[in-house]
Every structure is written in structure tokens, then in C-alpha cells.
Amino acid sequence: MKKIFGIITATALVSAFMPISAAGYGAAGCGLGSLVLGSKPGFMQVFAATTNGTFGSQTFGITTGTSNCGGGMLSQAHTEQKVYAYNNFDSLKSDMAKGEGERLNNLASLMGCSSEVAPRLGNVTQSNFDTIYTSDANAETVLMRVKSLAATDATLNNSCSLL
Amino acid sequence: MYPRTLLLIAMFLWSGIIFPQATENSVPASSSSSSENSHLVQIQKIAIEKKLHLKQYWLRLGHYKKRWLGGYKSEADGGLFFLAREGKVDPQQELIATLQGFFLGDAIHPTEMHPQCRFPERLRWLDVELKFKHLLPEVDCSRFENWKSESNIGSAQIVFASYYLNNPASLFGHTFLKLVRRNSNVNNDLLNHGVNYAANPTTLNPLFYAILGLSGGFPGTYTMFPYYLKVNEYADFESRDLWEYSLKLNEEQLDRLVNHLWELGSTHFDYFYFNENCSYQILTLLEVAVPEVDLSSRLIYVVQPIDTVKILKENTTLLGEVKFRPSQLTEYLLKYRNMSELGQDEVSRAISEKSLPADSLSVEERAEIFETILDFYDYKYGREIKDEAKTHKNLLLKERAKLGKMQTYNASEFIPQEQAVDGHETSQFRIRSGVLNSFPVFELTWRPAMRELIDDPFGYSPYLQMLMMGFTGRLYRDSDNEKLHFIFHDWEIISIYSMAPVQENIVQPSWSVQIGAQNLSLETGKSINGRTNMYAQAGLGPSFSIPVLKELLVYSLIQARFDISDSFGYGWRLAPVLTTGMIWRIFAAISLQSQFDYRHFVITDDLPIAIFENKLNIGFNKSFAGEAGYRWYPNNRNQEIFAGFKYYL
């Protein structure tokens, strides 16, 4: 009996001291974004591969978001929308179900809409919720559908400059 | 691959994630014309005559600190930050080399940035002092200028992310900067910039992590992110409330901040978990922005993230208004607590049965219930939701959308009464005197960080204990020969209690980790017992807050304990431990804790130990508290009473 107790105790001890960060949190001092380091293995390598070396080439053009890599401001804005839609996929979905919310307002802002029409975007996306979020929806299709819905709405189409 | 690429681009777009880097750190031989050369020599001479290299601002720009034995040494560790070979330890050489660098003509390697572009703030300040800009060769600094104009920064905030116990690096919270665009408003606040200073750990092994983190083994760097990534990470995934304090900086101060940030992008600092950490670096950055203030010298031994805000609040007029951004968990709890009892029951039922709220309820009530459950799921499955819960959530979303817009409770308007910045100071010095059996005892404790469960919870969570590197010594008067003995009593390497009461559909274990060394005097009843034991103890269990007395928490943990000491028969012993107790915030700053520990040793033949302890703590203000307590070891009838005084600093 004593032995069994001992084994249980020892196991409990060992598991208690397992690295907490193994769960995937970037174990950075003072809490650096786990997005960079922890939650997605492999991401760090992509990041390193791109930053390693010089910036005499295209990389730095992207870094500063300038037009000297071609594309210019417009394509940058569209890229920013995509990135935003990807990183806020779930919270955008909740906002559209509610017909309003901060994430949705920020998306409206990225789409070049004025503050006054942001609520309108909420109405439009809420009433078309089922069309936007089909079972195969991903960040890119959601964004595309939202933008084309906005384009067919007179108010939004008028106000939003980056559809 | 696709999502990763997007993430990557997110950070690139936010520009400055990769600040400029160059491959060579010394200045190549100058090929500039002789007239430029004579100007340079002349200007360098004036600079030395004016002793610019000893001016406080130059020392701050180079992050130079006085050394104990005279001279200076920069805290920056990246070679690219210095133009002179001995730049790290010689502010004068660095100044000379910087001026020389500014005058360089076309000798710059294509992959390297010109010193004029790499050090915009050095250039600005030196030109104010020496007026030489019109003599400089024309250099294209479009990288820097584009970065600056596109960042379009109009104001700055300092953000405190509250304590997060599930990651050792975030135990004590985190501070970072938020740079706000000129055209920012409530509808694009998430598109602002987060600027983070943090270590880049090279290991996830907790032991190496701790050692390297404490000893400066990781490089710390500045990075810039879209603010929404920070909000996602802290508030959504980690359930940490964010406090955003606006900084009252004028245009000029803000400009210095942004310029210097660019300069720091090319370097790194050795990261020290306790002192040269995020909190400290942000203060040194602010010292460049606002040269009139002296902040970092206030920090001597240990700096904690909340100290950044505390120091700014207590010593400057830089802090403006505060905005509270509730975490996903806080948001859920606020909504839940705002509901009628009927609504709460519906939420709990729908979560456990994975069903929809009853049709008999009004549309408003149903909308409220839908949103509360959705917040619950977002809290519980922040990073990823799967299976049954995912299906249920999707159904809820679909049904919620059908109801149209509804006026529901808005958690973002909630402002907590107790601000983190107004809690007690973060280190403590404690004196206690008491009686162990019949011996008088006097005890001194120094705890660099941070609080025990019983400390006044104002501004902190009442359910957290976080102690690190606390040290206690005791004075005993020997009853036989009247001699005084000062002996080691206790070393708390780490002591954490994280209590998570089971409530409002949230079922989480409470847990504890204790590692340290302790004198065996209490256990043996012999006051002058020099023997110590090393211990490691950890475990988990449930805790409950009692409905009638909201501020009373009852807990019960099953733990495992391992002791090492040469005074044990085997040199070690092992025990399951039952820990049961309660903590009661009786009134505002007055708390009472009672705890019973029972250790039943296994394998070896050590006798079981029981400990019963009661403590009362009365917080007077941010700096002082009084305490009293009673400890009893029933199996060997040792008992101790004590009263003490805590000074937080």
C-alpha cells in the first residue's frame, strides 16, 4: 500500500513540474506574443528565414509597406484586410452574428468605410450571416463575401473606398 | 502555409517588426572629400570641448550606465548599436565615431544602412548642439522616413496586461507600449501599433529557462505588432485584463520616442527577468522621450511590470486617462452577473445540454443569453474550439443572427473600482516577533515579489499568491545561555497559489507550487536547530466561493511533497499532502486565512505531520500592513504565536 502511494505521489510530482509552456505558449519573458514563438510551430522558422540576411532586397520593401516593391498602397490595404480577417476570424463571426462589435468596426475601417456607416455594415452582414458563413468558409472567402455584399449596398458602396 | 504567411505579412505590414539591421558594425574608411573632412574634424573638436559625450541625453541615447569602478557601460548588447569599436564602454569614442559616420559619403555597403538613417535621434540632437546638418552629404533615408510616416503616430499609451499564472514568464503581468495613429478613433483602435520589449528564449526547458532568464541569458528585443494581435493574445486567449494608460507627451517628446525606438530596433539587450525586463526598458525609452524625468534609477533590485505604471503615476505627470479593456473571461462574468436569475439558469442549462434558450423568453432575453454563452465559449476555447462545443457555438451564432440587433449589456463600458496600479507596492519587508513554545522569536523577511493570499487584495486578484525568492531569517534567544542566534529560517524560491473558485459555469482546478528551503525548527520544536530541508510541493484541487459570503473562499488541494535533508533517515522523504483552508476578506483590507496541512509520509518511516495555521492581515495603505497569527503542530505539540508588520516598497 505504501509503495502504491509512493508511486502515485511521485507521478503527481513529476507531472506538476512538467514545463507549463509545453502547451504552446511562447515562453518569452514578460510575455512576448506567443504568436511569434509558441502557438504555431514552424512559424518561427518562416519568420527567421525571411528576416535572416539582408534587407537590400524586396523584404524590406514589404517591411516598410512602401511602394518600392510594386503594388502600392491599394494592394497593401487589401493585404491588411486579409491579414486582419485571418487573425480575427472567430471574433468577426461573433460580431456579425450580433450585428455589431469592435472587430467589425475595425474591419469597416480597413475597408475604408466612414465611422457613420459601420453600423450599416453590421446590419448587412447580420442579415446575410448564413450566406457569409457557409460550412466551408475561411478568412478569405468571408472577406470576399463581406466586400461584395458591401459593394451591392448603396450606402456602403458609396462610403467604403477600399472594397 | 497560407495562414502563416498571412500572419507573417501582418507583422511586416506593421513595419518595424524587423528594424534595420546591418552586417558590419565598424564604420568603413571615409572616402569623403577633404573639405568635408576638415568640417568633421572641426565639429568633433567642438563636441569634445562641449563635453557632449558626458551630457545626460547622450548617455541615455546610448543606454550608458555608470560603472561601480568609474567609467560607463552601455546596457545595449547588439554590436550594431555602436559605431566605435569600444562604443559599448566609451561614450566619447562613440560620439566621435557617430559624427564621422554621419559624414560618410558613398562608402556604405548596399546592405547596410547609413548612420544618418540608423540613428535619427542621435543626428537630431547632435545637430541641435552642433549645427552641422547643412554640411552633411545627402543621404536617402527613405526606409526610415517611410516607416515613420506610415506609422503615423500621434500619441502613445502604456498598457498593463494583468497577471497570467499559466505561463511562468507572465506571472507578474506585462507592460508594453501602444502607439496610436493620428487618425485613430474608437472604430480603428485595434489597428494601432503595439510595441513590445521581451526576451527571445532559446529554450523551453523550465529549469534552463529560469536560470537563463534570471541571469541575462536571453536576448531581449523590441518588436512592433498590430495592436489587435496583442488584444487577441492577452485578453482573448490568456484571459488577462488590459489597462491602457494614455501618456501625456507633446509632439517633440513623441518624435524623440519614435526616433529612438527605430535606433533600438537594430540592437538587443541581455534580458534579466527581475530587473532589466520589459518594465525597465520601457522606462529607459521614456527617459529619452522626456529627458526631464528620472525613472530608471528608481529601480534598484526588482522591477515588476506594474511598477512601470506605478512609477509614472507617483513621480510624474505623464499619465493621462485610463481605459479598461476586459478580458474575455471578465466580459463573460460581467454579462452573466448582470443577468436575472432566470437568465443565468438558462445560460447554465444551455451550456450543459448544448441546447438553445427557451422560446418562451422575450427576444431581448434570448439575445442576452446567446451572447453570454458565446462569450463563455470564447473564454473557454479561445485558441481553438472543437467537436460538440463547436457545433453548439455555430448553432448559437446562426440563431443569434436571426434576432437582429439588440440592446444588450456592453462590458466595454465597465470601469473597475479597484485599479491594478493602486494595489500595495510589489516588494515587502516584514518583521515579526512571537513565541515558539516558550522561546521568544524575532523574524525578518525580505520578499522581492509579490504578494501572499492574505495581503490586501485591492488592485490584485484575491485568489492569487505569487512569491519569488523571499528570504526569512530568525533571531532566537537561547534559554540556557542567554545567547542570541541569527539563523536561516526560510527561502521561498517560488510559492504560488492560484485559486479558481468553481462558479458561474467555470470549472477549473485551483493549484499550488511551492519550492524552497526551510529550517526544521518548527517541525522538531527545537528552536536552535540549524538543519534545513529542501522541499518541492505541488498539487491541485477545487475551491469554492461561498454564496452567502461572497468574499469567503474555501479550498482543498491534494498535493505531493518531496523533502531532502540529511536529518531524515533516508536523506529524503515523500508525502501526499492534504491542504484544506479558507480565506475570507472580512472587510475591505482585513483578511483572515485558516489552513490545515496533513503530510503522510510514504516509503520511509517518518511520522506524519499536521500543521494548523491561522493568520489575520490588516492593510493600512499601499505601504503598510499589520498581521497576527497562530501556528500549531498537533503531533508534537509545538505552537507558535506571532504578530508582525509589513512594509511594502
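Since this is a predicted model, take the numbers as computed values, not measurements.

Asks: For this particular structure, what's the right way to read the overall build of chain A?
Replies: When helices and strands are tallied, chain A shows 11 helices and zero strands. A buried classification covers 42% of the 163 residues belonging to chain A. For chain A, the share of sequence-separated contacts (at least 6 apart) that also reach a separation of at least 24 residues comes to 44%.

Asks: Any chance you could explain the packing of helix H14 (residues 341–353) of chain B against helix H15 (residues 363–380) of chain B here in plain terms?
Replies: Each pair of packed helices can be described by the angle between their axes along with the distance between the axes. Residue and element names in this part refer to chain B. Two numbers describe how H14 lies on H15: the axes approach to 10 Å, and their chain directions differ by 50 degrees. Taken together, the axis directions place H14 and H15 in an arrangement best described as oblique. Once H14 is placed against H15, the crossing between them reads as right-handed. Residues Gly343, Glu346, Val347, Ala350 and Ile351 of H14 lie in contact with H15, whose contacting residues are Glu365, Glu368, Ile369, Thr372, Ile373 and Phe376. Classifying every residue of the contact of H14 with H15 by side-chain character gives six nonpolar, two polar and three charged.

Asks: Help me understand the environment of B:Tyr570 in this model?
Replies: Inspection of the secondary structure puts B:Tyr570 in the loop between strand E18 (552–564) and strand E19 (572–587). Put simply, B:Tyr570 and B:Thr604 are 34 residues apart on the chain and 7.0 Å apart in space, counted from C-alpha to C-alpha.

Asks: What exactly am I supposed to notice about the domain arrangement of chain B here?
Replies: Accessible area lost during the coming together of the parts is what is often quoted as the interface size. Segmenting chain B into domains produces domain 1 (13–149), domain 2 (152–325), domain 3 (328–413) and domain 4 (423–648). Here the C-alpha centroids of domain 3 of chain B and domain 4 of chain B sit 41 Å apart.

Asks: What's the story with the confidence of the model for chain B in this structure? I'm lost.
Replies: Detail in the predicted coordinates should be disregarded across regions flagged by low pLDDT. Residues and elements named next belong to chain B. When the pLDDT values of chain B are averaged, the result is 87; 90% of them are 70 or greater. Across residues 7–32 the pLDDT falls below 50, and counting only partners more than four positions away or on other chains, this stretch makes 83 contacts in the model. At the level of chain-chain contacts, confidence expressed as ipTM amounts to 0.86, with global pTM at 0.85.

Asks: I'm lost on the sheet that holds strand E5 (residues 193–199) of chain B in this one. Help?
Replies: For sheets, the rule is that strands pair by backbone hydrogen bonds, running either parallel or antiparallel. Residues and elements named next belong to chain B. Strand order in the open sheet made by the seven strands is E8-E6-E5-E4-E3-E7-E9, with antiparallel pairing throughout. Edge strands, defined here as strands with exactly one partner in the open sheet, are strand E8 (269–271) and strand E9 (319–325). Strand after strand, the sheet turns through a mean of 35 degrees between neighbouring axes, direction not considered. Relative to E8, strand E6 (residues 218–226) runs antiparallel, the two sharing three bridges.

About the thresholds
Residues numbered from 1 in each chain as written. Chains lettered and ligands numbered in written order. Predicted model: local features only at pLDDT ≥ 70, side-chain atom pairs only at ≥ 80, totals over all residues. Helix = DSSP H or I, 4+ residues; strand = E, 2+ residues; numbered from the N terminus. Buried ≥ 20, exposed ≤ 12 C-beta atoms within 10 Å, placed from the backbone. Contact = placed C-beta atoms within 7 Å. Axes fitted to C-alpha atoms, helices over the stretch in contact; angles between N-to-C directions. Parallel < 35°, antiparallel > 145°, perpendicular 65-115°, else oblique. Left-handed = near helix turned anticlockwise from the far one by under 90°. Nonpolar A, V, L, I, M, F, W, Y, C, P; charged D, E, K, R; others polar. Domains from an automatic or database assignment. pLDDT = per-residue confidence, 0-100. Pairing = 2+ DSSP bridges.

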